[in-house]
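Below, each chain spelled out in residue letters.
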Amino acid sequence: MILSKLLHKIPVLETFGNLDSEVSEIVFDSRKTTEGSLYVAIKGTISDGHSYINSAIEKGAKTIVCEVLPENLSEGINFIQVKNSSKTLGKLASNFYGNPSENLKLIGVTGTNGKTTVTTLLFDIFKNLGYQSALISTVEYRIGDEIIPSTHTTPDVIRLNQMLAKAVEIGCEYAFMEVSSHGIHQDRIEGLHFAIAGFTNLTHDHLDYHKTFEEYLKTKKRFFDELPETAIAITNADDKNGSVMLQNTKAKKKTYALKTLADYHGKILEVDFNGMLLNFNGKEFWSTLTGKFNVYNLLLAFAISEELGFEQNEILQAISTLKRVKGRFETLKSDGEIFFVVDYAHTPDALENVLDSINEIRTKNERLITVFGCGGDRDHAKRPEMGKIATRKSTLAIITTDNPRTENPQDIIKEIEAGVEPQNFSKFTVIPDRKEAIKMAIKFAEPKDIILVAGKGHETYQEINGVRHHFDDKETIVELYKLMSK
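These numbers come from a predicted model, not from an experiment.

Tracing the sequence through the fold places E479 in helix α16 (residues 473-485). Exposure remark for E479: the relative accessible area of 34% places this residue in the partly exposed category. Within the local environment of E479, its side chain forms a polar contact with the side chain of K435, the two groups lying 2.9 Å apart.

Pasting the structure below:
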């Protein structure tokens, strides 16, 4: 693409060189530079991309976008000075790939919990309705029928535009995307045009990155603050932060709720481990999903679908055929009538929601055994809180490892134990090896008991000292139960 076209609608401070130059690709990692590249120098938290300008030029970059111009401008190289390189990168990427987010309806879903479920539900609903769509989620990226392994909840903005451009190319009309707080803060959604933004909830998470809850809240709010007037913002009216998201948005405002008045209102009529009978805006239907938190997820997916112009009856018919999202309240029933639930819950609120949902369904004659841990190199404050919740709401909690990463697993476990209340000291045990912890839960369980294995959900690895070892909770349950029931 010609450089002058690439800079369309992008504010620049100064330009040096030939704006009629051809740009072969855009990169922000100097190591990926090839002949004819445009290199964007970004000031990161760990390193400053401006330090690698010469390296990018040596590898073939012909255009440099930067905030601070080098003292010596290399001959034959184009230099574009901008106020903010990170934000400019998103606009450059959108222009380079033909602004794909304007050529389909892009729906972004943000919040602490529920993003993966809502976006996956929407992808499946629209598939059932006969539409090609794209999905960008924690579990996987999908473009029509093609499945691409996921690397980040919100990929970098170049990869995003590449995928969206491919979606447009194969005829997708919709794209459903998780929008993480990291993605917002790091400008990974800059330059994208959202038709609808959905908000699930906001609870304690990612404070290792954002430092304070206020900063985390502000980051999520920024997504809604920057929506255009043409967009629609749909937030959870039952979450106290839902109204905060709408405070400064220019978008059309809509709400959904179970407890309060809202544009989209839901009721639970019946619930068990097989599913729920629900009522959305006066219409009854059955869903194979279960748990109150999933009612919110379904209600948001329903609201987004209707705002996209579909009839309530066809949406609910599509919803009623949906299967559960992998690793999200995924259930297995053994021959010995032990009931297993595998869930990604790795925050205090998510763990509490899953436990509450199980406790609402069970008759209390069954015991509830919870196997869980906390990730290493992440927010320390949530560990004791999760210890308190798990022991308070389970018959027995088995504290184990999650992804310890570079931390000592015993140190993480001690922080979880610190939150256990004195009256619940007899309700937990510690088994650091996750496979052994699941094995102990199965050994302890009797017919009709429920075992919740929480924290990893869809993940197929366990990260220890920077190395990812194969580990799948569901696979481990099946393997162990077969071995132990022989």
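Taken together, the eleven strands give an open sheet; going across it, the order is β9-β8-β7-β10-β6-β11-β12-β13-β14-β15-β16, and neighbouring strands pair in mixed fashion. Each of the sheet's edge strands pairs with one partner strand only, and the pair in question is β9 (146-149) and β16 (283-287). Averaged over all pairs of adjacent strands, the angle between strand axes in this sheet comes to 20°, irrespective of strand direction. Strand contacts of helix α4 (residues 115-128): β6 (105-110), β7 (133-136), β8 (140-143) and β10 (174-178), with the helix running at about 165° to β10, the strand carrying the most contacts.

Glancing now at the packing of aromatic side chains. Enumeration over the complete set of coordinates arrives at 19 aromatic pairs. Cluster of aromatic residues (ring-pair linked, three or more members): F126, Y131, Y174, F176 and F310. Against the face of Y461 rests R468, its NZ or CZ located 3.8 Å from the ring centre.

For the rest of this paragraph, the subject is the side chain of S305. Structurally, the position occupied by S305 is in helix α10 (residues 292-307). Setting aside residues no more than four positions away along its own chain, S305 makes contact with L122, I125, F126, F310 and I315.

Here we take up the pattern of salt bridges. When the charged atoms of two side chains with opposite charge come close together, those side chains can pair. This model, assessed by the stated rule, comprises 26 salt bridges. Notably, a salt bridge pairs E407 with R383, separated by 2.6 Å at the nearest N-O pair. Of the two residues, E407 sits in the loop between β20 (396-399) and α14 (409-417) while R383 sits in helix α13 (residues 382-393), which places them 24 residues apart along the sequence. Taken as a pair, E407 and R383 share a single burial class, namely buried. With its nearest N and O atoms 2.6 Å apart, the salt bridge here joins R392 to E421. Linking R392 in helix α13 with E421 in the loop between α14 and β21 (428-430), this pair joins segments that are 29 residues apart in sequence. The exposure class of R392 is partly exposed, given its relative accessible area of 44%.

Cut-off values and rules
- Residues numbered from 1 in each chain as written.
- Predicted model: local features only at pLDDT ≥ 70, side-chain atom pairs only at ≥ 80, totals over all residues.
- Heavy atoms only, no water.
- Helix = DSSP H or I, 4+ residues; strand = E, 2+ residues; numbered from the N terminus.
- Buried < 20%, exposed > 50% of the residue type's maximum accessible area, 1.4 Å probe, protein only.
- Polar contact = N/O pair within 3.5 Å; in protein donor to acceptor, adjacent residues only side chain to side chain.
- Pairing = 2+ DSSP bridges.
- Axes fitted to C-alpha atoms, helices over the stretch in contact; angles between N-to-C directions.
- Contact = heavy atoms within 4.5 Å.
- Phe/Tyr/Trp six-rings, centres within 6.5 Å; stacked < 30°, edge-to-face > 60°.
- Lys NZ or Arg CZ within 6 Å of the ring centre and 35° of its normal.
- Salt bridge = Lys/Arg side-chain N within 4 Å of Asp/Glu carboxyl O.

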